[in-house]
Amino acid sequence: MPIEGRVWILDDDDINTDVIYPGKYTYEMLSNEDMAKHALEDYDPGFAKTAQKGDMIVAGRNFGCGSSREQAVSTIQFAGVVAVIAASFSRLYYRNAINQALYCIECPEASAFARANKTALHHTNVKLDPEMGTLRIGDKEFSFKPLAGQAAEIFKAGGLAAYTKSKLATR
Amino acid sequence: MGKTMIEKILAKASGRAEVSVGEIVFAKPHMILSHDNSAAILKTFEKMGGKKVWDPERVFIALDHEVPPPDSKKADNHKAIRKFVADNGIKAFYDCGAGICHQVLPEHGHVIPGVVIYGSDSHTTTHGALAAAGIAIGRTETASVWALGETWLRVPESIKIVLEGKLARNVEAKDVILYLIGRLTAEGANYKSIEFHGSAVRGIDVGGRMTLCNMSAEAGCKCAMVPFDERTKKYLAEAGAPKYEALDPDPDAVYEKVYTYDVSTISPMVAKPHNVDNVSPVSELPDLPIDVALLGTCTNGRIEDLEAAARILDGKKIAKGVRLLVYPASRKVLDEAFKRGTARILLNAGAQIGIPACGPCLGAYGGVLATGERAVSTANRNFKGRMGTKEGTEIYLASPVTVAASALAGRIVPAE
Ligand code: SF4
């Protein structure tokens, strides 16, 4: 199903897990709302305050590099973000994102285009069809390899925990 | 097109004829490892609706991280794990004192070449020493594998590291991997599969290969492997491993990068605080007095490591004020150390010998540092506070011979 949302263009490579979700919070048991308040705190302190449900992020290369902390995915989800489009992801971030059902779209062309036209495109609406593998930013259409097989199923179930639960229930 | 080790292993583990880089596959493990964290995993497992693990023959649990339990909460965790093990009929359960999970798993024949080993521990890469893909996964994923018997993996790119030449005297596998991490950096192999090739690797025994693969995790890799050879074969026979089929990389396999190094130029190395890739030769260090010398862990707690240290310590006494902590990696290692007289040498030199387990490596018990103290350790991580105390502490990572020589000198020095 296509989704539409407002886009944040984060014009940087190597946005790491520490700036997405600072290490000092990782061993605190915070509620979802409180976790959302720290989303991207050390990258853009204004982000968490103005992010809204359905937002998407466009970034450069190696998004989510650094530690394996699962909270770096959940924090932006709790802040409302449904998809991150980047030139590439750290593999651990990508893995955590699938297991927690956050769309991570690897599309270097879209990333480069959005970053080049940042002023015009920041906070405009983009259209994403994760199943078809298409993405529209401004007046440009991009395509990417959609998730396939069981990774897509994990997604549909709403994440790995829910996926496992439903699989077990049918056994 | 030729295939790398990981491509072949993942094809086999997912029941496919072949797989290529970038594909997502569902791979079944030969074994899945966890340790004291099983207490948390089993709670998630139950929340998922899990009743019995999918295959009690393939679940391996060793208690090692908080052994013997330092407080009642840890003891209660162990109790909950024992009950889970009994309820599920899990056979590969190793209670307190058997040793560190990454040592016990291969030692008891649970690792064979050509398979996937999952582990809820970042140093699961260790098992690549026996030509298996040891892959670390999270706790939620481990619970899911206990329930379903498989999880998804993206087929990673491979990096080929070719090591040629002969190691100089008092230079060990640990120095080689420290040197390599200094070159690769902490993210140099992020999510890639590493293959170790070359004459120097062929000359290193399985124990040293475990050190290489164990510490490769510090360069961010997904797995690190040494192809099967006569040394692997001998180790597997002694460990009583079941039947196996080794999967060699094709000569025309495609690697993302190939690095070649001459190991004969490597001198004793250390990783300085507070990052593992902050590496320099021991000889270039300033004068650094130490409080603690730690010999042990899944990186360097094997009999050959204890023997290498004993060779330096034989007939001598450690410096006044230094605590030399020895944690054999397993009960078998300790047993061997008794038989060979290694334990006697260490004890005479002034070492404190602990129960086979992780010890102060993770800073939870068993000899944590006091404020402002400095340690030289054979472990694999030197992050700030790793040995239990943040304030002013420093951890230097080095080889067993460097740790032994430093314990004698009371400061960090290379062995003569
Ligand atoms: S010895 Fe240290 S690194 Fe190895 S498993 Fe135990 S805590 Fe982890």
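So, here's what we can say about the structure.

Parameters and conventions
Residues numbered from 1 in each chain as written. Chains lettered and ligands numbered in written order. Predicted model: local features only at pLDDT ≥ 70, side-chain atom pairs only at ≥ 80, totals over all residues. Heavy atoms only, no water. Helix = DSSP H or I, 4+ residues; strand = E, 2+ residues; numbered from the N terminus. Rg over C-alpha atoms; globule rule 2.2 N^0.38 Å. Buried < 20%, exposed > 50% of the residue type's maximum accessible area, 1.4 Å probe, protein only. Contact = heavy atoms within 4.5 Å. Areas by Shrake-Rupley, 256 points an atom, 1.4 Å probe, with all protein chains shown as cover. Lys, Arg positive; Asp, Glu negative; His and termini not counted. Charge placed at Lys NZ, Arg CZ, Asp CG, Glu CD. Axes fitted to C-alpha atoms, helices over the stretch in contact; angles between N-to-C directions. Parallel < 35°, antiparallel > 145°, perpendicular 65-115°, else oblique. Nonpolar A, V, L, I, M, F, W, Y, C, P; charged D, E, K, R; others polar. Buried area = accessible area lost by both parts, 1.4 Å probe. Salt bridge = Lys/Arg side-chain N within 4 Å of Asp/Glu carboxyl O. Near = heavy atom within 4 Å. Pairing = 2+ DSSP bridges. Phe/Tyr/Trp six-rings, centres within 6.5 Å; stacked < 30°, edge-to-face > 60°. Lys NZ or Arg CZ within 6 Å of the ring centre and 35° of its normal. Polar contact = N/O pair within 3.5 Å; in protein donor to acceptor, adjacent residues only side chain to side chain. Arc of directions from axis to C-beta.

With that settled, the discussion passes to the overall build of chain A. When helices and strands are tallied, chain A shows nine helices and seven strands. Scaling as 2.2 N^0.38, a compact globule of 171 residues should have a C-alpha radius of gyration of about 16 Å, and chain A matches this with 15 Å. Among the 171 residues that make up chain A, the fraction classed as buried is 49%. Long-range pairs, those at least 24 residues apart, make up 69% of the contacts in chain A between residues at least 6 apart in sequence. With an accessible surface of roughly 8,000 Å², chain A has 52% of that area assigned to carbon and sulfur atoms. Counting 19 positive and 21 negative side-chain charges, chain A places the averaged centre of each group 5 Å from the other.

All names here are of chain B. Running from amino to carboxyl end, helix α8 (residues 206-216) crosses helix α9 (residues 230-239) at an angle of 105°, the nearest separation of the two axes being 10 Å. Between α8 and α9, the angle falls in the class roughly perpendicular. Contacts between α8 and α9 involve V206, R209 and M210 on the former and, on the latter, R231, T232 and Y235. Looking at side-chain class alone, the contact of α8 with α9 contains three nonpolar, one polar and two charged residues.

With 20 residues of chain B at the interface, the matching set in chain A holds 21 residues. Of the roughly 1,900 Å² buried between chain B and chain A, counting both surfaces, carbon and sulfur atoms make up 60%. Per-residue buried area on chain B facing chain A is highest for L148(B), W152(B) and Y191(B); these three make up 34% of the total on that side. Remark: the boundary between chain B and chain A carries one salt bridge. The salt bridge partner of E141(B) is R95(A), with a shortest N-O separation of 2.8 Å.

Looking now at the site of the ligand. What surrounds the ligand is the set H65(B), I100(B), H102(B), H123(B), T297(B), C298(B), C358(B), C361(B), L362(B), N380(B) and R386(B). When its residues are assigned to classes, the shell around the ligand shows five nonpolar, five polar and one charged.

What follows deals with the sheet that holds strand β6 (residues 133-136) of chain B. Sheets are built from strands that pair by backbone hydrogen bonding, the pairs being arranged parallel or antiparallel. Residue and element names in this part refer to chain B. With parallel pairing, five strands are arranged side by side in an open sheet as β4-β3-β2-β5-β6. The open sheet has two edge strands with one neighbour each: β4 (92-94) and β6. Sheet twist, expressed as the average angle between the axes of neighbouring strands with direction ignored, equals 20°.

Residue and element names in this part refer to chain B. The sheet built from four strands is open, its strands ordered β10-β9-β8-β11 with parallel pairing. Two strands close off the open sheet at either side, each with one partner strand: β10 (223-225) and β11 (257-262). Averaged over all pairs of adjacent strands, the angle between strand axes in this sheet comes to 20°, irrespective of strand direction. Strand direction decides the pairing type here: strand β9 (residues 193-197) and β10, joined by three bridges, are parallel. Directly across from E195, in β10, lies its bridge partner M225.

Here we take up unusual backbone geometry. When glycine is set aside, most residues are seen to have a negative phi, and most peptide bonds are trans. The omega torsion across V67(B) and P68(B) is -10°, close enough to zero to call that bond cis. Looking at the secondary structure, you find P68(B) in the loop between β3 (59-62) and α3 (72-88). P273(B) connects to H274(B) through a cis peptide bond whose omega is -5°. Looking at the secondary structure, you find H274(B) in the loop between β12 (269-271) and β13 (279-281). Even without glycine at this site, A101(A) takes up a positive phi of about 60°. Tracing the backbone through its elements, the reader meets A101(A) in the loop between α5 (91-99) and β4 (103-106). The exposure class of A101(A) is partly exposed, given its relative accessible area of 23%. Backbone geometry at A131(B) places phi at a positive 65°, although glycine is not the residue there.

Taken as a whole and judged by the stated rule, the model has 13 aromatic pairs over all chains. With a centroid separation of 6.0 Å and an interplanar angle of 45°, the aromatic rings of F89(A) and Y94(A) are classed as tilted. For F89(A), a relative accessible area of 3% corresponds to the buried category. Residues Y259(B) and Y261(B) carry aromatic rings whose centres are separated by 6.4 Å and whose planes lie at 20° to one another, so their mutual orientation is stacked. An aromatic cluster is present here, built from F63(A), F89(A), Y93(A) and Y94(A) joined pairwise through their rings. The lysine or arginine in question, R95(A), covers the ring of W152(B), its NZ or CZ lying 4.3 Å from the ring centre.

Now for the side chain of N214(B). Residue and element names in this part refer to chain B. Summarising the element assignment, N214 is placed in helix α8. Only 3.1 Å separates the side chain of N214 from the side chain of N380, close enough to count as a polar contact. Every residue in contact with N214, bar those within four places of it in the chain, is listed here: H123, T125, T126, C298, T299 and N380.

Residue and element names in this part refer to chain A. Note on placement: K140 falls in strand β7 (residues 140-143). Judged by relative accessible area, K140 falls into the partly exposed class, the value being 40%. Counting along the chain gives 14 residues from K140 to V126, while the straight-line C-alpha distance between them is 9.9 Å. In contact with K140, not counting residues within four places along its chain, are F113 and L135.

All names here are of chain B. Three or more residues of α9 are buried, namely T232, Y235, L236 and A239. For α9, the angular spread of buried residues about the axis comes to 100°, placing them on one side. Counted as exposed and oriented over 90 degrees from the buried face of α9: E230, K234, A237 and E238. Capping of α9 at its N-terminal end is provided by D229; its side-chain oxygen lies 3.0 Å from the backbone amide nitrogen of R231. The first or second residue beyond α9 is G240, which carries a positive phi of 70°.

Fair warning: the whole summary comes from geometry, so function is off the table for now.
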